[in-house]
Amino acid sequence: MSAPARSDPLPRMLIALTAVTGIVDAVAFLGLGQVFTAFMTGNILFLGFAVAGGVGLTPLGSLTALAGFAAGAVAGSRLGAVTAARLRRWLLTSAAIASALLVAAALAAIGLDSVRGDLAPRHYAVIALTALAMGVRSATMWRLGAGLNTTLVTGTLVTLVRHSELGGASCWGGGGATRHGTPDTSQPYRAAALVAVFAGAAVGTLLLRAGLTVALLVAAAGVLGGIGGCVAHPASGRAHNA
């Protein structure tokens, strides 16, 4: 897979959505009882900890997030299969669905405090709606992000290091080059993806001081703005295959 062209708006959109991921998981982990609603690896680990008797964990919250995310990913994948031939329509529909789910989560969180003990029924509703939204968003990112993985931070970090001189890039076909021998211009985007997750997590933590509803509304605006900005770009009409 060739590296993204510098005029291509899609890598920048993926970076923006990666920052939203950081916001959402900061809100989920700190405000919804130590669950993740965007990066699912943490939930698998928490379930393992809980099964082995880990103290203070809420396995039902992690299960709710996993189920919601899986359902959202199925919906997002089916949407992509039906509408991907018309890129702008697909992206706008995906953005509308994910943003609407985040707004619904924000409305469900009105007057709801961050978890300090057991989860209330409305906490589970917020977890499920947020995870659904992130499942739709992640299915879209996976389909678009061929050659630029921003949904698995560990994989992004490994790829970033592997394609660097420190990682012995010459052993893989040339310093910072793709397998076709052209310069790997994805490297700056991979680094930006890591920075975006970090920044999003910090911003999400700060937003949580204003409440769950405010933080989730900002995340909804981020999804809509990130995808909408890409759709508005003249180059976004070009087909992208996963």
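Refer to the structure above for everything that follows.
The following paragraphs examine the structure supplied in this document. (Residues numbered from 1 in each chain as written. Predicted model: local features only at pLDDT ≥ 70, side-chain atom pairs only at ≥ 80, totals over all residues. Heavy atoms only, no water.)

## Section: the packing of aromatic side chains
In the structure shown here, the tally under the stated rule is 4 aromatic pairs. Residues phenylalanine 46 and phenylalanine 49 carry aromatic rings whose centres are separated by 6.2 Å and whose planes lie at 55 degrees to one another, so their mutual orientation is tilted. Remark: phenylalanine 49 and phenylalanine 46 occur in helix H2 (residues 41-51); sequence separation between them is 3 residues, near one turn of the helix. Exposure remark for phenylalanine 49: the relative accessible area of 43% places this residue in the partly exposed category. Of the aromatic side chains, those joined through ring pairs into one cluster are Phe29, Phe36, Phe46 and Phe49. (Phe/Tyr/Trp six-rings, centres within 6.5 Å; stacked < 30°, edge-to-face > 60°. Helix = DSSP H or I, 4+ residues; strand = E, 2+ residues; numbered from the N terminus. Buried < 20%, exposed > 50% of the residue type's maximum accessible area, 1.4 Å probe, protein only.)

## Observations regarding helix H1 (residues 10-31)
Helix length check: H1, at 22 residues, gives a terminal C-alpha distance of 31 Å against a target of 32 Å (1.5 Å per residue), a fit within 8%. In terms of burial, H1 is a largely internal element, 17 of the 22 residues being buried. (Expected span 1.5 Å × (residues − 1).)

## Some points on a nonpolar patch on the surface
Nonpolar side chains collect at one region of the surface, where Val103, Leu107, Ile110 and Leu217 lie side by side and expose about 340 Å² of accessible area between them. Along the chain, leucine 217 falls in helix H8 (residues 212-232). (Patch = residues over 30% accessible without salt bridge, like charges linked within 9 Å, V, L, I, M, F, W, Y side chains within 5 Å. Areas by Shrake-Rupley, 256 points an atom, 1.4 Å probe, with all protein chains shown as cover. Salt bridge = Lys/Arg side-chain N within 4 Å of Asp/Glu carboxyl O.)

No statement about biological role is implied by the geometric values presented.
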